[in-house]
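One-letter residues, chain by chain:
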Amino acid sequence: MAIAGLIFITIASGSLDSGNTGLSPIPLDLKITDSDLQKTNDNQTTTPEKTGVDVLTNRKNPLYKSSSLQQVVHEDFTAPRPNIIIMLADNMGYMDPGCYGGGDVLGAPTPRMDQMAREGLRLTSFYSETQCTPSRAAMLTGRLPIRTGMNMAVNTGSGSGISPNETTLAKVLSDAGYNTAMFGKWHLGDVYESEPQNMGFDEYFGTLYHFNAYSQPQRIGYDSDTELGDTIYGTVEAMKGEELKVVQPLNLTSMAFIDEQCTDRAIAYIKNQTNSTKPFFMYIAFSRTHFPSVQNPKWAGLSSKGPYGDGLMEMDYHVGEVLDALRDAGMENNTLVVMTSDNGPTYDQWPDSGFSPFRGGIGTAYEGAVRVPCIFRWPGTIEAGRVSNEIMCLLDLFSTSATLGDGKIPEDRPIDGIDQTNFVLGKQNESNRAGAIWYFGADYSALTEPGAMRWHQFKIHTIAYDSFQGPESNYGQIPAIYNIEMDPREEHNIAGEHDFVTNAFIKIYRQLVSSMTQYPNTPSRALPNFANVSSG
């Protein structure tokens, strides 16, 4: 307690905001107890009255030591293991769901996601990667995409994919005794060893590529000779270890029904699990709301937002169908359900795109691309109606789900995901994460400095794109810095007045480079877990 008091005294004595520099008063970065507030150098009272409660903010103490943090991060979870369902939207904007300010306001109501938020935890500072493939790889492996080689969207027929040496969440939970299944978009490769049925899933039904790939053969000027390899233009299925079977061809007509078919499979799977004594992990990767928004006739014209809004409403309905299936099977109280998105909207395809109040869209590292909706629901375990602005990201779903499922997280490679079990379950108000790092595009290697970083309330960019197609902004010797709490659209570069933020970025980058030999026997080079990185 004396140490906390000393920290408060030292910072409060001369480090408050002066002028409009964009710097918040540092004491707000700390969790300060009443007894701390009562102490000063001369033992004089600094607060007019005792409030009886802790002062909490949405930012972590930048001086928080890794030793105490690790005790929180690795605390054992002893409650009964839940079923786990992760539902992933494709290119859904931060403000698309009504519970994030959209819905009816933007012409496409989302009553089931809104209800899900009322019944669980809604996060307002949840982060994805910058595009489809990196996000899916990060979520399933808990590792930064720069490690797995999944830093950009995988092309159709490219003969590449995620390494079979990677350990997915499905594999971790399968080894822990879970039944596992995936329904929907894979986008981590179309070679046999990289397909879902060989990466930990007991069964799979869905699509291998991004949604627009299936419309290519019907585009004017298409030439089959341009294909890189044996592209599978259809929905596919397989049981564990089997070869994929083509269920049906996909084109601009049949694409309309992919999510409906995947949801039907998911509902049937839930019903079948009532006969199992084992918990299950199910990953539902919707094709909505990726372009082109080929309308399901059941939903065509129901929104005032056009085809995109119709697709958003359809996906929201499917979310509700999954939740209803859990209720009907008597499983909702022992099932954790997560709903999020792989990245933000595709403004390059406007108006066939979602909406974010932040700057940037898919392919950038601005908030509009990487700050996405995320809702956790577990009736009776996660408090209903809880909202938090603490930082969390897709990487953390790996470690948190593995902990909840009593799975063994690999120790022979760096894992960037942080166990957020206590935070998600409400046992602590603070996230265990102080920020996030992004490597994006084709020009990064393990020794390249990150393209962007969130650190407390600040966002740092060394290079930036206004959209997938550009233009590119290279900030050279001095990264751009934004206070995203005061400037959420990242419009006012305050780098000149915030050397300490640049210093934090440099220090973290140096730690990234110095840790490259931490795991010499693994194919990917090691970067430190963000929980262990601070500027102090």
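Given the structure is predicted, the values throughout are model-derived calculations rather than measurements.

### Thoughts on the environment of aspartate 416
Then, in step 1: In this structure, aspartate 416 sits in the loop between helix H11 (394-404) and helix H12 (421-424).
Then, in step 2: Sequence separation between aspartate 416 and alanine 138 is 278 residues, and the spatial gap between their C-alpha atoms is 8.8 Å.
Then, in step 3: A polar contact is formed between the side chain of aspartate 416 and the backbone nitrogen of leucine 144, at a distance of 2.7 Å.

### Section: the sheet that holds strand S12 (residues 452-455)
Then, in step 1: One open sheet accounts for four strands, arranged S11-S12-S13-S16; its pairing is antiparallel. One side of each edge strand has no neighbouring strand; the edge strands of this open sheet are strand S11 (435-438) and strand S16 (480-483). Adjacent strand axes in the sheet meet at a mean angle of 10 degrees, parallel and antiparallel pairs treated alike.
Then, in step 2: Here strand S13 (residues 458-461) runs beside S16; their pairing, made up of four bridges, is antiparallel. Bridge pairing in S16 places phenylalanine 458 opposite asparagine 483.

### Description of the nonpolar core
Then, in step 1: Membership of the largest hydrophobic core comes to 93 residues, with the highest contact counts inside it found for Ile85, Trp186, Phe281, Met339 and Phe376.
Then, in step 2: For this core, the element with the highest residue contribution is helix H9 (residues 307-328), accounting for eight residues.
Then, in step 3: Those residues in contact with methionine 339 that lie beyond four places of it in its chain are Met87, Ala89, Met92, Met113, Met116, Phe286, Met315, Val319, Pro373, Cys374 and Ile375.

### Points about the pairing of strand S4 (residues 203-207)
Then, in step 1: In terms of burial, S4 is largely enclosed, as four of its five residues are buried.
Then, in step 2: For strand S3 (residues 179-185) and S4, the ladder comprises five bridges, and the chain directions are parallel. Across the sheet, glycine 184 pairs through a bridge with glycine 206, a residue of S4.
Then, in step 3: Where S4 and strand S5 (residues 234-239) come together, four bridges link them in antiparallel fashion. By the bridge assignment, tyrosine 204 is partnered in S5 with alanine 238.

### With respect to the packing of helix H8 (residues 258-272) against H9
Then, in step 1: Where H8 meets H9, the axes come as close as 9 Å, and the angle between the chain directions of the two elements is 10 degrees. Classified by the angle their axes make, H8 and H9 are roughly parallel. For the pair formed by H8 and H9, the contact residues are Asp259, Glu260, Thr263, Ile267 and Ile270 on the first element and Glu314, His318, Glu321, Val322, Ala325 and Leu326 on the second.
Then, in step 2: Within the contact of H8 with H9, the residues separate by chemical class into five nonpolar, two polar and four charged.

### Quick notes on the packing of aromatic side chains
Then, in step 1: Tallied over the entire structure, the rule returns 15 aromatic pairs.
Then, in step 2: Their ring planes at 65 degrees and their centres at 5.4 Å tell us that tyrosine 127 and tryptophan 438 sit as a pair that is edge-to-face. Of this pair, tyrosine 127 sits in strand S2 (residues 121-127) while tryptophan 438 sits in strand S11, and the two are 311 residues apart along the sequence.
Then, in step 3: Look at tyrosine 127 and you get buried, because its relative accessible area is 1%.
Then, in step 4: Between tryptophan 299 and tyrosine 317, the aromatic rings sit 5.1 Å apart at their centres with planes inclined by 50 degrees, giving tilted as the arrangement. Of the two residues, tryptophan 299 sits in the loop between strand S7 (280-285) and H9 while tyrosine 317 sits in helix H9, which places them 18 residues apart along the sequence.
Then, in step 5: In this structure tryptophan 299 comes out as buried when scored by relative accessible area, which is 14%.
Then, in step 6: The exposure class assigned to tyrosine 317 is partly exposed, which follows from its relative accessible area of 41%.
Then, in step 7: Cluster of aromatic residues (ring-pair linked, three or more members): Trp186, Phe201, Phe281 and Tyr283.
Then, in step 8: The residue whose ring lies beneath arginine 265 is phenylalanine 205, and the NZ or CZ to ring-centre distance is 4.0 Å.
Then, in step 9: Cation over ring: arginine 386 sits above phenylalanine 423, and NZ or CZ is 5.1 Å from the ring centre.

### Digging into the environment of valine 247
Then, in step 1: By the element assignment, valine 247 lies in strand S6 (residues 245-249).
Then, in step 2: Here valine 247 is in contact with Phe205, Thr235, Val236 and Glu237, once residues within four sequence places are set aside.

### Here we look at H9
Then, in step 1: In a regular helix each residue adds 1.5 Å, so 22 residues correspond to 32 Å; H9 covers 31 Å between its end C-alpha atoms and thus fits that length.
Then, in step 2: Burial analysis of H9 places 16 of its 22 residues in the buried class, which makes it a mostly covered element.

### Structural notes on H11
An α-helix turns once every 3.6 residues. As a result, residues three or four positions apart point the same way.
Then, in step 1: H11 sits mainly inside the fold: 11 of its 11 residues count as buried.
Then, in step 2: Positive phi shows up at aspartate 406, right after H11, with a value of about 60 degrees.

### Thoughts on the sheet that holds strand S8 (residues 335-341)
Then, in step 1: With respect to topology, 10 strands assemble into an open sheet ordered S6-S5-S4-S3-S7-S1-S8-S9-S2-S10, the strand pairing being mixed. Since the sheet does not close on itself, it has two edges, and those belong to S6 and strand S10 (386-393), each with one partner. For this sheet, the mean angle separating the axes of adjacent strands, direction not counted, is 15 degrees.

### Quick notes on the packing of helix H5 (residues 132-141) against H11
Then, in step 1: Packing of H5 against H11 leaves a shortest axis separation of 6 Å and a crossing angle of 20 degrees. The angle between H5 and H11 falls in the class roughly parallel. Classified by chirality, the crossing of H11 by H5 is right-handed. Contact residues: Ser135, Ala138, Met139, Leu140 and Thr141 in H5; Leu394, Leu395, Leu397 and Phe398 in H11.
Then, in step 2: Each residue belonging to the contact of H5 with H11 can be placed in one class, and the counts come to seven nonpolar, two polar and no charged.

### Considerations on the pattern of salt bridges
Then, in step 1: Taken as a whole and assessed by the stated rule, the structure comprises 21 salt bridges.
Then, in step 2: Ionic pairing is found between arginine 489 and glutamate 491, a salt bridge with its closest N-O pair at 3.3 Å.
Then, in step 3: Under the relative-accessibility criterion, glutamate 491 is labelled partly exposed at 48%.
Then, in step 4: When salt bridges that share partners are traced, they join Asp90, Arg136, Lys185 and Asp342 into one network.

### Considering the side chain of glutamine 197
Then, in step 1: By secondary structure assignment, the location of glutamine 197 is in the loop between S3 and S4.
Then, in step 2: We classify glutamine 197 as buried; its relative accessible area is 2%.
Then, in step 3: From its side chain, glutamine 197 meets the backbone oxygen of glutamate 242 in a polar contact 3.0 Å long.

Analysis parameters
- Residues numbered from 1 in each chain as written.
- Predicted model: local features only at pLDDT ≥ 70, side-chain atom pairs only at ≥ 80, totals over all residues.
- Heavy atoms only, no water.
- Helix = DSSP H or I, 4+ residues; strand = E, 2+ residues; numbered from the N terminus.
- Polar contact = N/O pair within 3.5 Å; in protein donor to acceptor, adjacent residues only side chain to side chain.
- Pairing = 2+ DSSP bridges.
- Axes fitted to C-alpha atoms, helices over the stretch in contact; angles between N-to-C directions.
- Core = buried A, V, L, I, M, F, W, Y, C linked by side-chain atoms within 4.5 Å.
- Buried < 20%, exposed > 50% of the residue type's maximum accessible area, 1.4 Å probe, protein only.
- Contact = heavy atoms within 4.5 Å.
- Parallel < 35°, antiparallel > 145°, perpendicular 65-115°, else oblique.
- Nonpolar A, V, L, I, M, F, W, Y, C, P; charged D, E, K, R; others polar.
- Phe/Tyr/Trp six-rings, centres within 6.5 Å; stacked < 30°, edge-to-face > 60°.
- Lys NZ or Arg CZ within 6 Å of the ring centre and 35° of its normal.
- Expected span 1.5 Å × (residues − 1).
- Left-handed = near helix turned anticlockwise from the far one by under 90°.
- Salt bridge = Lys/Arg side-chain N within 4 Å of Asp/Glu carboxyl O.

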